[in-house]
Each structure stands twice: as structure tokens, then as C-alpha cells.
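# Structural overview
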Amino acid sequence: MYSPGTPPPDAGGGHDGGMAGLEGMEQPRGHSRATAARWSPAVEDERALEALELFGNPTESEVRLPSRPESAATARRLAQVVILRQWGLTPRTAEDAVLLVSELVGNAVRHTGARVFGLRMRHRRGWIRVEVRDPSRGLPCLMPVQETDISGRGLFLVDRLADRWGVDLLPRGKTTWFEMRTTDR
């Protein structure tokens, strides 16, 4: 077991050539399925249940989270516990959805200037829908990306992995959402 501030042995910490002075700190990773998969271990499942208890269930009403980078982890945990435990969907669905939640939350935190954002999740037979609401009416833009790009790939990933996605403008702000087909068990 490891303490919350330090990564587990396999989390990519340690000395990394040009990263002198960052030993023991988890290094940023690129966007991939492997990144989202690390939210599945049992220790994260416990944290996911704690997040559900602390912040509320995004399937019952919108969960409001502070617009800070660390809230992306909370949103991922909420998505994971809802998809795996409450809805009983596949780990692959959870993995993809958790990655996309992270991208939408990251956009809301980085680009809107909001103090809070909202997370809402819905499920109907064969589909899930995840919504991130923020007070900005600025529209996200799907940009062309190159293999060598290290940022700006969020909506590209959403466009690739989601079956549908879009933005609904509201009187005050917007909701950015994605939908994925699911195989209900």
C-alpha cells in the first residue's frame, strides 16, 4: 500500500533522465488507454466509493466540482464507480469513458475560467451519456492533431472514442457531452 501523495511502484515515478529533482513524483503521461486503465485497481475503487459519498452521485443529479486540475481525478473516480458498480458495464467501456471524462473536465478547467463545473451521467439501454457543464459560452474546437503533438488532443480523442459528442449552449454557459454505445450485461 502507498500513501496518497506517492505513486505506487508501477506508476512511472522515479528518475527519468532529464527530469532531475523529480524522483518519486508521478510523471505526466500521454493520452492512451493505459492511462485510463490505472483507475481500475482496488485501491482506486475505494477512492471512487469515497468520492461518490463525498460529492454525490452524478446519475441522480449534477455533481458540482471545483474547477481545479485535481478535480479531474475526482470526476474519473465518479465515472469509474458508476460505470462498473452501478451500471455493471464492461471494464473496456469504463476505461474509454474515464479517459473522455478526463478530457472534458480538463477542457473545462483549463479554458473556461469557471470556479466550478458540473458532471452528470445518464444510462439507457445500449448507451451512456456524460455531460460536463460550465459557465462559459466559448465553444470547444476540434483541431487537427499530429502524432508529435503533446497537447490539444482532448477533443480529438473524444471524437475518436465516442459514438457521438457535442455542445449544448445554455442561457448561462454550455454543456459539453459525449455518448457511447454499450453492451449491457
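Overview of the structure. Computed from a prediction, not measured in an experiment: that's the story for all the values here.

### Digging into the pattern of salt bridges
- Scanning all chains against the criterion turns up 10 salt bridges.
- Residues R133 and E62 are paired through a salt bridge, measuring 2.5 Å at the closest nitrogen-oxygen approach. Here E62 lies in the loop between α2 (42–55) and β1 (63–66) and R133 lies in strand β3 (residues 127–134), a separation of 71 residues in the sequence.
- A relative accessible area of 23% means that R133 is categorised as partly exposed.
- Classification of E62 as partly exposed rests on a relative accessible area of 29%.
- The salt bridge involving E179 is made with R129; its shortest N-O contact spans 3.0 Å. Of this pair, E179 sits in strand β5 (residues 173–181) while R129 sits in strand β3, placing them 50 residues apart in sequence.

### So, helix α4 (residues 91–111)
- For α4, which comprises 21 residues, the first-to-last C-alpha distance of 30 Å matches the rise-based estimate of 30 Å (1.5 Å per residue) to within 8%.
- Summarising burial for α4: 16 of the 21 residues are buried, a large majority.
- Looking one or two residues past α4, G113 carries a phi angle of roughly 70 degrees, positive in sign.

### Structural notes on the side chain of E179
- Among the residues examined, E179 registers a relative accessible area of 4% and is labelled buried.
- Beyond its immediate sequence surroundings of up to four residues, E179 is in contact with R124, W127, I128, R129, A162, D163 and R164.

### Let's talk about the pairing of strand β4 (residues 164–170)
- Relative to β5, β4 runs antiparallel, the two being bridged by 7 bridges. Each residue of the ladder has a partner; that of L170, found in β5, is G173.
- Here β4 hands over to β5 after 2 residues, the two strands then running antiparallel side by side.

Rules used in this analysis
- Residues numbered from 1 in each chain as written.
- Predicted model: local features only at pLDDT ≥ 70, side-chain atom pairs only at ≥ 80, totals over all residues.
- Heavy atoms only, no water.
- Salt bridge = Lys/Arg side-chain N within 4 Å of Asp/Glu carboxyl O.
- Helix = DSSP H or I, 4+ residues; strand = E, 2+ residues; numbered from the N terminus.
- Buried < 20%, exposed > 50% of the residue type's maximum accessible area, 1.4 Å probe, protein only.
- Expected span 1.5 Å × (residues − 1).
- Contact = heavy atoms within 4.5 Å.
- Pairing = 2+ DSSP bridges.

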